[in-house]
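Structure assessment
Here is what each chain is made of, one letter per residue.
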Amino acid sequence: MNEAETRHQDFIRQIVASDVAAGKNDGRVHTRFPPEPNGYLHIGHAKSICLNFGLAREFGGTCNLRFDDTNPEKEDVEFVDSIRQDIRWLGFDWDNEYFASDYFEQLYEWAVQLIKAGKAYVCDLTVDEVREYRGGWNQPGRNSPYRDRSVEENLELFERMKSGEFRDGERTLRAKIDMSSDNMNLRDPAMYRIRHATHHRTGDKWCLYPNYDWAHGQSDSIEGITHSVCTLEFEHHRPLYDWYIEQLGIHHPQQIEFAKLAVSHTMMSKRRLTELVTGGYVEGWDDPRMPTISGFRRRGFTPDSIRNFANRVGITKHNSVTDLALLNLCIREHLNKIAPRVTGVLDPLKVVIENYPEGEFEMRETAINPEDELAGTREVPFGRELYIERADFLVDAPKKFFRLTVGGEVRLRNAYFLKCNQVVKNEADEIVELRCTYDPQTAGGKAPDGRKVKGTIHWISAPHAIDAEVRLYDVLFENEDPSDVPEGQDWKDQINPNALVVMTNAKLEPMLADASAGDQFQFVRNGYFCVDSKDSRPGKPVFNRTVTLKDAWINEQKKGSVS
RNA sequence: UGCCCGAUGGUGUAAUGGUAACACAUCUGAUUUUGGUUCAGACAUUCUAGGUUCGAGUCCUAGUCGGGUAACCA
């Protein structure tokens, strides 16, 4: 309970706290996370998971995992498994695991109860007819001609619906509420539809499936949920859930709605994410470009960083868009503390130090993580032939370019000052090599004569370096709001073709050959990277860029190009 | 067109009738053997109009703007 008292109280936590204080539900707090297993969890679900599990944890309550599996045509065990894995990875464990399909029998009995009470009826109207009878925002609906069937007839028909006598969509069971209600959800909503489909858990036992609205509230009730937290769009379903609960006279959970997460440059629609996967626009649900939890995991995000992000975005009742920069801040913040520093030259340029003896090497000491003294130091080889980052050299350098230029001097990190004397080009006029000299007096990076250099660049000993594939990831959508599609365009036209850039010729420190899946590093000056969990092979790792380092030079360049 | 919900710096949130604050972003500067980190600073906020009150971001009324909503989806 301490955590609940000390942390900032959003409006939901305030409600829960006051309920507990008032002794409502005997002071019990019981929440649940109720995903439909029809896709992978995304960062928006992470917000909901952190809220529901967090509430239970902070108030000494419990949190269930319940799969809302009332639509056999869309759901699959693959999704059930991925959801379990993602929640655990995020650092949460559920007290009970349930499925809405566990309650099919109970729901059926309750439906019979409502029929007997004259509160539900079997309707023969087609989908189109139902729509027509429902009326519009301005005009009330009309009663279905089947609304006044006798209880006996309804009972018999409903039984026959269950036993499979009718075709898909031929009949529905509807609640008898109010066809003139301002709330469309109350205009005799469907409770059951006929679907001769195989369910991932109940198989072919049922051909009658409860609609979400008929299943959801009662599922919460059965589980003794005290606070049913959900997103805003279910606000006008609440009166319907309340109506069902009251008719049945069962435990009444309190539904509280909050605004779902939106993040800039990020597509969160489950339907569209599914389309990205099935259409082959990405390589799968766990593609590091995806905003799925598995995508973030593979990309190198830590559970800490995502939980931290979820806590920072806050809980409110109004829709807003969180800046992607906040998510990036969260992962940088964490990785800065824990990631060992290594050298990875993504786009190598050969450097030959003409005054360094051929065939000789020395070891230079380097801090494993300057943010963590306990991490210690290690040694890396230095010799006559190195690779540096191509972007760290410029022939015609602007004043503010602090890196290597012809005739200019720069510091090689943890080593010596280096001066470039000559540029070697190939027939295509491309720079292929730099002829340089180093100053042996500057061992350790300081000149005895006190002269200074502005820049420090990273390097790697050419004969020692290993080759590796490094994948540079960027936003899947360059526009802030990917759902804002220009006239005549498809949302998929806006996919950023540079969201993945593969560097096939990167030069890495030899120790990285032994890194195992998921290991995380900072490639000094380049960003945070992790070993890809799918495509890496023993001795042949593939690295994914999780996030770049903040880069003041990029901002400087932008300013230059504008002014 | 009805109904429901919402509105605080560029962005995300806080202030629960009593000095509008925090974080991100941006910009300055310092430190720095990562143009990273860290540190210091700057910029900038209550949708409008009325009302209640000694006092309103907060309560009331109206308006404006935004979102949701008429699957046998969830």
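Reading guide: rules and limits
Residues numbered from 1 in each chain as written. Chains lettered and ligands numbered in written order. Predicted model: local features only at pLDDT ≥ 70, side-chain atom pairs only at ≥ 80, totals over all residues. Heavy atoms only, no water. Helix = DSSP H or I, 4+ residues; strand = E, 2+ residues; numbered from the N terminus. Rg over C-alpha atoms; globule rule 2.2 N^0.38 Å. Buried < 20%, exposed > 50% of the residue type's maximum accessible area, 1.4 Å probe, protein only. Salt bridge = Lys/Arg side-chain N within 4 Å of Asp/Glu carboxyl O. Core = buried A, V, L, I, M, F, W, Y, C linked by side-chain atoms within 4.5 Å. Contact = heavy atoms within 4.5 Å. Expected span 1.5 Å × (residues − 1). Lys, Arg positive; Asp, Glu negative; His and termini not counted. Polar contact = N/O pair within 3.5 Å; in protein donor to acceptor, adjacent residues only side chain to side chain.

Quick notes on the overall build of chain A
- Broken down by element type, chain A carries 14 helices and 25 strands.
- Over its C-alpha atoms chain A spans a radius of gyration of 31 Å, topping by over 25% the 24 Å that the globule rule assigns to 563 residues.
- Here the C-alpha coordinates of chain A stretch approximately 100 × 55 × 50 Å along the principal axes.
- Burial status across chain A gives 52% buried among its 563 residues.

With respect to the pattern of salt bridges
- Taken as a whole and judged by the stated rule, the model has 49 salt bridges.
- The salt bridge partner of Arg-131 is Asp-128, with a shortest N-O separation of 3.1 Å. Residue Arg-131 and its partner Asp-128 are located together in helix α6 (residues 127-134), separated by three residues, close to a single helical turn.
- Its relative accessible area of 48% is what places Arg-131 among the partly exposed residues.
- One salt bridge in this structure joins Glu-132 and Arg-142, with 3.6 Å as the shortest N-O distance. Placement of the pair is Glu-132 in helix α6 and Arg-142 in the loop between α6 and α7 (151-162), with a sequence separation of ten residues.
- Relative accessible area serves as the criterion here: at 53%, Glu-132 is assigned to the exposed category.
- Residue class for Arg-142 comes out partly exposed when judged on its relative accessible area of 43%.
- Each member of the salt-bridge network shares a partner with another, and the members are Asp-286, Arg-298, Glu-469, Arg-471, Asp-532, Lys-534 and Asp-535.

Topic: the nonpolar core
- If you look at the biggest cluster of nonpolar residues, it comprises 37 residues, and the most contacted ones within it are Ile-49, Phe-53, Ile-87, Leu-90 and Ile-306.
- Within the residue set of this core, elements represented by two or more residues are α3 (43-58), β2 (62-67), α4 (77-90), α11 (293-299), α12 (303-313) and α13 (324-338).
- Leaving out residues up to four positions away in the same chain, Ile-87 has contacts with Phe-33, Leu-41, Ile-49, Phe-53, Leu-65, Phe-92 and Trp-94.
- Within the second largest apolar cluster, 32 residues are counted, among which are Leu-114, Leu-240, Trp-243 and Tyr-244.

Some details on α3
- Helix length check: α3, at 16 residues, gives a terminal C-alpha distance of 22 Å against a target of 22 Å (1.5 Å per residue), a fit within 8%.
- Of all the 16 residues making up α3, 15 are buried; the element is thus mostly covered by neighbouring parts of the structure.
- Residue Gly-60 follows α3 closely and has a positive phi angle near 65°.

With respect to the side chain of Arg-174
- Examined against the element boundaries, Arg-174 turns out to sit in strand β5 (residues 172-175).
- Asp-188 provides the closest opposite charge to the buried, salt-bridge-free Arg-174, at an N-O distance of 4.8 Å.
- In this structure the side chain of Arg-174 is engaged in a polar contact, spanning 2.7 Å, whose partner is the backbone oxygen of Asp-188.

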